[in-house]
Amino acid sequence: MLIIDCKEVESIQHELAVYVSDQVGAVPNLKYHEFILSPIEDDGVIDTNLVVTSIKEFLASIGETYNFAVISKDDTISIESIRGKVIERQPKPKADLFSCPHCGFMTQYEVEYNTHKKIHYLG
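Residues numbered from 1 in each chain as written. Predicted model: local features only at pLDDT ≥ 70, side-chain atom pairs only at ≥ 80, totals over all residues. Heavy atoms only, no water.

## What to know about the sheet that holds strand β5 (residues 76–81)
Hydrogen bonds between backbone groups are what pair the strands of a sheet, and the pairing can be parallel or antiparallel. Note the threshold: DSSP calls a pair of strands paired once it identifies at least 2 bridges connecting them. Strands here are runs of E lasting at least two residues and helices are runs of H or I lasting at least four, both read from the DSSP assignment and numbered beginning at the N terminus. Note on geometry: axes are C-alpha line fits, over the in-contact stretch for helices, and angles between N-to-C directions span 0 to 180 degrees. By the convention used here, residues are in contact when the closest approach between their heavy atoms is within 4.5 Å.
Pairing is mixed in the open sheet, where five strands are placed in the order β2-β3-β1-β5-β4. One side of each edge strand has no neighbouring strand; the edge strands of this open sheet are β2 (26–30) and β4 (68–73). Neighbour-to-neighbour, the strand axes of this sheet turn through a mean angle of 20°, independent of strand direction. Note that strand β1 (residues 2–5) and strand β3 (residues 34–39) share four bridges and pair antiparallel. In the sheet register, L2 faces β3, and the bridge partner there is L37. Packed on one face of the sheet, helix α1 (residues 13–24) meets β2, β3 and β5 and runs near 15° to β3. Helix α2 (residues 48–61) contacts β1, β3, β4 and β5 of the sheet and is inclined by roughly 170° relative to β4.

Below is the structure:
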């Protein structure tokens with residue numbers, strides 16, 4: 001389990017969580033100023049270096065490579081502003097997201113989520 005501290009990049013937290021979890025194959029759990037990545041398998045391990053690389057790739061894709069540092073310490077990864085810059089993107093409207101605890105599937109539609117959950121209990 002890894003904690004990604006997003007206090008200084010809150011406006012992109014949701015997009016970042018989706019991108020990083022897809023890149024490393026982990027289940028994201030969104031919190032107020034952070035998100036937590038858990039392995040899909042019970043005995044799985046998340047590669048911290050791969051998470052750091054994925055965060056840096058995301059920051060590069062939005063042109064923020066030189067304004068933020070990605071710092072890893074123990075089980076926490078922090079994204080910190082180097083020059084005090086704040087990302088001033090308008091956050092997308094926060095829809096309620098439903099996340100499958102089994103595989104990490106995410107949707108904003110409760111009906112779709114409930115239908116998806118059923119596949120884990122078939123057979």
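There's more to say after this.
## Quick notes on the pairing of β1
Where β1 lies against β5, three bridges are found, and the strand directions are parallel. Looking at β5, one finds that D5 is bridged to S78.

## Considering the side chain of S21
The criterion, for reference: Whenever a nitrogen or oxygen atom comes within 3.5 Å of another N or O atom, the pair is scored as a polar contact, on the condition that within protein one atom can donate a hydrogen and the other can accept it, and that pairs from neighbouring residues in sequence are kept only if both atoms are in side chains.
Looking at where S21 falls in the secondary structure, it is placed in helix α1. A distance of 2.9 Å separates a polar atom in the side chain of S21 from the backbone oxygen of A17. When sequence neighbours within four positions are dropped, the list of residues in contact with S21 reads A26, P28 and L37.

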